[in-house]
Number of protein chains: 2
Amino acid sequence: MAVGAVSRNPEGGPASQQAMRRQNLAVVLGTIAGQSPLSGLSRADVAGLTGLTRAAVSSLVDELIGRGALTEAETAPSGRVGRPGRALAVSDSGPAGLGLEVGVTHLGACVVDLRGEARVWRRVERANAGRPAGEVLAEVAALGAEAQAEADGLGLRVEGRVLAVPGVVPSAQPGLVEHAPNLGWHAVRPADHWPDPETVPEPENEANLGALAEYWQGGHGAETFVHVSAEAGIGAALIVDGQLFRGARGFAGELGHIPVHPDGLPCSCGSRGCLEQYAGEAAVLREAGLVGEGDPVALLAGRAGAGDRAALRALERAGRALGLALASAVNLVDPDGLVLGGAYAELADWLLPAVRAELAARVTVRPWPSEALRPSLLGRRGALLGAALVTTRQLIADPTRLPAA
Amino acid sequence: MAVGAVSRNPEGGPASQQAMRRQNLAVVLGTIAGQSPLSGLSRADVAGLTGLTRAAVSSLVDELIGRGALTEAETAPSGRVGRPGRALAVSDSGPAGLGLEVGVTHLGACVVDLRGEARVWRRVERANAGRPAGEVLAEVAALGAEAQAEADGLGLRVEGRVLAVPGVVPSAQPGLVEHAPNLGWHAVRPADHWPDPETVPEPENEANLGALAEYWQGGHGAETFVHVSAEAGIGAALIVDGQLFRGARGFAGELGHIPVHPDGLPCSCGSRGCLEQYAGEAAVLREAGLVGEGDPVALLAGRAGAGDRAALRALERAGRALGLALASAVNLVDPDGLVLGGAYAELADWLLPAVRAELAARVTVRPWPSEALRPSLLGRRGALLGAALVTTRQLIADPTRLPAA
């Protein structure tokens, strides 16, 4: 049986006031970050929204301005007549997050400011499958350095780095990419290959980052949802009550190897009938009679948009298989919503009808509104954006990580 | 975006000391409850284990004795020579929990003491499918009253009541059994039918209770596991980090309607190829050529044990289907373990080989040791036991719920 943890303040007596102030800094900054930039909250507004006293809010706001997290403009931009006070806004310069991405066919780097806006965005096509990890990592590091230099020129200061990878990062071993099958990586530790020890990023599974970006910026209210995306492989991630759900060891969300046709096509994983054999990129291109040159997603979308029968049939078949796998996910996990992200979002026009038909047929023991499945607005930008946002979200959750004035 | 909740103590200043004392009472009681009854902890031992001062422990222990949660014997039963002090133990009289169960073919009632021991156990066979809910509930209420009377005679005092049902209890509507298909219940509120308003139980899904019982008393270390059980239907539940995972609306764990053969047998839910059509009780009995008279699980086990080919084939087929569905669960949720509970536990000898074979073939992208799947030791007792344990676990987590001396 689990025994409750002993209740003692690990920081001793005075520290509990520090913890309270840290939390209140996060509440004030989170409140302002949660409003539209046009709302122009005054200090008094923040006091009203948070329930903190005006004096406390003023002291907290002063500290947040000192740490570069907030700005305070002379007049409120809301246009409401006679509105007193000055308008607070999350800073668009200073603290920033750097996101990096190693995909199977591209590299990426982006910088977001504390408002969550992408200010620098770089994506280059590269065939990374089977290349030495050190070579790939050196290239993405160089791309990141370029992005950071550009961000410096915009008055942004990178405070943290996260690297999106199409592989498994075990919960117990942060810093390690245990396995990235479509890259051919086994037990790769980016820190071992990074040119500058000062800028080593934390690796994270790209499906997880795509789901987090969707939660933070997808513009919908679901707190518990399954996000499924595709690049070379299929990745899913679960957001539960607003938190990433990693499973016992960090392997959760392996939707691509759910058996959808138990006696079906052999899969590279050694099993049969896995979703990836029906809805993975290679399977869809093969079924559509296409060779994956240039941007295969754009190629597929172009063909399907032009009414090409083979492309439409391939996408319909992929949608059926996705619907089967997602029906299992809905029955097991009971999410509020399902999101088609990554390349699936860009193919949603042709995938959605088949996915919705399968869900309607197979999710019958509970209400399942068809609009609970929707495409992501972030598309293939999600994972890289999520990698950059991890840092800024951490800063908003704990502004004391920012250097004091 | 989610804005952090404002940090203010809702109970005002002095209440935080009460909260601290409440938590420390739980730590002390939980520590003693977490030890073997034979270990005979002294007050000094508890201080050592919890990090609380001896003076604090003594005051907390005195209060817990006064509330009837602990006893203190004159001598330590550990047998260690020269060991000083008196031995503390969780009380085997006084506070208790009543569990009730409405199954498709039985009713049950049990009482557990604060140690988690079942002291009263009643189970009667009843064909409940299609009978008026009020009639069934009146009968289980009568059975509960008998059990409670017997518990009174043992010096036990029922402090809470939970009713296990093979149906859905939405998170947002506690007290309501929204749908129990195998009973024929729709929108049944036990409180509306209960003869005595003082003893109305809280309904809960039986699969959830079986999983909780497994977590509390199954005797294994997994904190994140999937528990699958079968009565007339198939129910699964997820324990995540030691907590029941209900999903967004309380529907999580609907393993019985995962599609295992997409174009397979029609299911009563309106879909096709659901697990229930291959591994549900009716399907297995049909495949084994048996008519469900008496105890169908014992009948099946008897036939299989005697080498009956049809029974063995039916169980092998059920095991294959279960393995397929559980492969999806493992790929999605990444549990530490899988537990076959309920009737499946009693048929494990014949199910396990096929389930393990499917898992070995289909869970390939991560390590999956075959012993991570195991039968529950609680078998068909799990749900009823879990219903009774909910109350005693709540009392241990918050001893201030017990009346003070």
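Residues numbered from 1 in each chain as written. Chains lettered and ligands numbered in written order. Predicted model: local features only at pLDDT ≥ 70, side-chain atom pairs only at ≥ 80, totals over all residues. Heavy atoms only, no water.

With that settled, the discussion passes to the overall build of chain A. When you go through chain A residue by residue, the secondary structure sums to 13 helices and 14 strands. At 23 Å, chain A has a C-alpha radius of gyration in line with the 22 Å of a compact globule built from 405 residues. Dimensions of chain A, computed from the C-alpha atoms along their principal axes, are close to 65 × 55 × 50 Å. Across the 405 residues of chain A, 54% fall into the buried class. (Helix = DSSP H or I, 4+ residues; strand = E, 2+ residues; numbered from the N terminus. Rg over C-alpha atoms; globule rule 2.2 N^0.38 Å. Buried < 20%, exposed > 50% of the residue type's maximum accessible area, 1.4 Å probe, protein only.)

Let us now look at the nonpolar core. Note that soluble globular proteins tend to have their nonpolar side chains buried in a common cluster. By size, the foremost hydrophobic cluster in this structure holds 101 residues, and its most contacted members are A:Leu326 and B:Leu326. Contacts of B:Leu326, omitting those with residues within four sequence positions, involve B:Val226, B:Val228, B:Leu255, B:Leu338, B:Leu340, B:Val355, B:Leu359 and B:Leu373. (Core = buried A, V, L, I, M, F, W, Y, C linked by side-chain atoms within 4.5 Å. Contact = heavy atoms within 4.5 Å.)

Residue and element names in this part refer to chain B. Spatially, 5-4-3-6-9 is the arrangement adopted by the five strands of the open sheet, whose pairing is mixed. The sheet is open, and its two edges are formed by strand 5 (118-125) and strand 9 (202-205), each paired on a single side. Across the sheet, the mean angle from the axis of one strand to that of its neighbour is 20°, orientation sign disregarded. Examined bridge by bridge, strand 3 (residues 94-102) and strand 6 (residues 156-165) share eight bridges and lie parallel to one another. For Gly94, the partnering residue across the bridge sits in strand 6 and is Leu156. Sheet contacts for helix 4 (residues 133-153): strand 3, strand 4 (106-113), strand 5 and strand 6; angle to strand 4, the most-contacted strand, approximately 30°. Packed onto the sheet, helix 6 (residues 206-217) meets strand 6 and strand 9 and runs at close to 80° relative to strand 9. (Pairing = 2+ DSSP bridges. Axes fitted to C-alpha atoms, helices over the stretch in contact; angles between N-to-C directions.)

Next up on the list: helix 12 (residues 348-362) of chain B. Residue and element names in this part refer to chain B. Look at helix 12: 20 Å from first C-alpha to last across 15 residues, which is about the 21 Å you get at 1.5 Å a residue. If you check which residues of helix 12 are buried, you get Ala348, Leu351, Leu352, Ala354, Val355, Glu358, Leu359 and Arg362. On its buried face, helix 12 is in contact with helix 10 (309-333), strand 13 (337-340), helix 11 (342-346) and strand 14 (373-375). (Expected span 1.5 Å × (residues − 1).)

The subject of this paragraph is unusual backbone geometry. Residues and elements named next belong to chain A. Its identity as a non-glycine residue notwithstanding, Ala187 has a phi of 50°, on the positive side. Tracing the sequence through the fold places Ala187 in strand 8 (residues 185-188). A positive phi angle, close to 50°, is found at Asp241, a residue other than glycine. Considering the arrangement of structural elements, one finds Asp241 in the loop between strand 11 (234-240) and strand 12 (243-245).

Residue and element names in this part refer to chain A. The geometry of helix 2 (residues 43-50) relative to helix 3 (residues 54-66) is characterised by a closest axis approach of 9 Å and an angle of 115° between their N-to-C directions. Handedness of the helix 2/helix 3 crossing: right-handed. Contact with helix 2, carried on its side by Arg43, Ala44, Val46, Ala47 and Thr50, involves Arg54, Val57, Ser58, Val61, Asp62 and Ile65 of helix 3 and no other residues of that element. (Left-handed = near helix turned anticlockwise from the far one by under 90°.)

A common way to report how large an interface is uses the accessible area buried once the components associate. Contacts between the two partners involve 61 residues from chain B, matched on the other side by 60 residues from chain A. Run the count over chain B and chain A and you get two salt bridges. In this structure, the connection of chain B to chain A is made through 27 residue pairs in polar contact (both at pLDDT 80 or more). Of all elements in the fold, only helix 1 (13-33), helix 2 (43-50), strand 11 (234-240), helix 10 and helix 12 of chain B reach the threshold of two or more residues within the side of chain B that touches chain A. Here the side of chain B that touches chain A gets seven residues from one element, more than from any other, and that element is helix 1 of chain B. (Salt bridge = Lys/Arg side-chain N within 4 Å of Asp/Glu carboxyl O. Polar contact = N/O pair within 3.5 Å; in protein donor to acceptor, adjacent residues only side chain to side chain.)

A few words on the environment of A:Glu178. When you line up the elements, A:Glu178 lands in strand 7 (residues 177-180). Separated by 95 residues in the primary sequence, A:Glu178 and A:Gly273 have C-alpha atoms spaced 25 Å apart.

What follows concerns the domain arrangement of chain A. All names here are of chain A. The domain boundaries assigned to chain A delineate domain 1 (20-74 + 85-90), domain 2 (94-210 + 383-401) and domain 3 (220-376). Relative to domain 3, the C-alpha centre of domain 2 lies at a distance of 25 Å. Listed by partner, the interface residues are 15 residues for domain 2 and 13 residues for domain 3. Summed over both sides, the interface between domain 2 and domain 3 buries roughly 1,100 Å², with carbon and sulfur atoms accounting for 46% of that surface. The largest per-residue losses of area from domain 2 upon contact with domain 3 belong to Ser171, Ala207 and Asn208, which jointly make up 39% of the total buried on that side. Glu204 is the partner of Arg246 in a salt bridge, and the nearest nitrogen-oxygen pair spans 2.6 Å. There are five residue pairs in polar contact (both at pLDDT 80 or more) connecting domain 2 and domain 3. Broken down by element, the side of domain 2 that touches domain 3 gets its largest block of residues, four residues, from helix 6 (residues 206-217). When the residues that make up the side of domain 2 that touches domain 3 are grouped by side-chain class, the tally is five nonpolar, seven polar and three charged. (Domains from an automatic or database assignment. Buried area = accessible area lost by both parts, 1.4 Å probe. Nonpolar A, V, L, I, M, F, W, Y, C, P; charged D, E, K, R; others polar.)

Taken as rigid bodies, chain B and chain A are interconverted by a rotation of 180° and an axial shift of 0.1 Å, the fit giving an RMSD of 0.0 Å. Such values leave the two copies arranged in the relation of a two-fold axis. When the interface residues of chain B are mapped onto chain A, 98% of them again fall at the interface, so both copies present the same face. (Least-squares fit on C-alpha atoms with pLDDT ≥ 70 in both.)

For the rest of this paragraph, the subject is the sheet that holds strand 5 (residues 118-125) of chain A. Residues and elements named next belong to chain A. The sheet built from five strands is open, its strands ordered 5-4-3-6-9 with mixed pairing. In this open sheet, the two edge strands, each paired with only one partner strand, are strand 5 and strand 9 (202-205). Between one strand axis and the next, the sheet turns through 20° on average, direction left out of account. Most of the contacts of helix 4 (residues 133-153) go to strand 4 (residues 106-113), to which it runs at about 30°, and overall it touches strand 3 (94-102), strand 4, strand 5 and strand 6 (156-165). Across the face of the sheet, helix 13 (residues 382-397) comes into contact with strand 3, strand 4, strand 5 and strand 6 while running at roughly 150° to strand 3.

So, on to helix 6 of chain B. Residues and elements named next belong to chain B. Between the first and last C-alpha of helix 6 there are 16 Å, a value that for twelve residues agrees with the 16 Å anticipated at 1.5 Å per step. Burial analysis of helix 6 places eleven of its twelve residues in the buried class, the great majority of the element. Inspection of helix 6 places Glu206, Ala207, Asn208, Leu209, Gly210, Ala211, Leu212, Ala213, Glu214, Tyr215 and Trp216 among the buried residues, and these make up the whole buried set. Sitting at the amino-terminal end of helix 6 is Asn205, which places a side-chain oxygen 2.9 Å from the backbone nitrogen of Ala207. Phi for Gly219, located one or two positions after helix 6, is positive at around 75°.

Moving on to the side chain of B:Arg362. Along the chain, B:Arg362 falls in helix 12. At 2.8 Å, the side chain of B:Arg362 and the backbone oxygen of A:Arg272 are in polar contact. At 2.8 Å, the side chain of B:Arg362 forms a polar contact with the side chain of B:Glu358. Every residue in contact with B:Arg362, bar those within four places of it in the chain, is listed here: A:His257, A:Pro259, A:Pro262, A:Ser271, A:Arg272, B:Leu324, B:Ala327 and B:Asn331.

It is worth spelling out the environment of B:His220 at this point. All names here are of chain B. Relative to the elements of secondary structure, His220 occurs in the loop between helix 6 and strand 10 (225-230). Sequence-wise, His220 and Asp45 are 175 residues apart; in three dimensions their C-alpha atoms are separated by 25 Å. With residues up to four places along the chain from it excluded, the contact list for His220 reads Glu214, Phe225, Val339 and Arg374.

Time to look at the packing of aromatic side chains. If you walk through the whole model with that rule in mind, you get three aromatic pairs over all chains. Over the face of the ring belonging to B:Trp121 we find B:Arg381, whose NZ or CZ atom lies 4.1 Å from the ring centre. (Phe/Tyr/Trp six-rings, centres within 6.5 Å; stacked < 30°, edge-to-face > 60°. Lys NZ or Arg CZ within 6 Å of the ring centre and 35° of its normal.)

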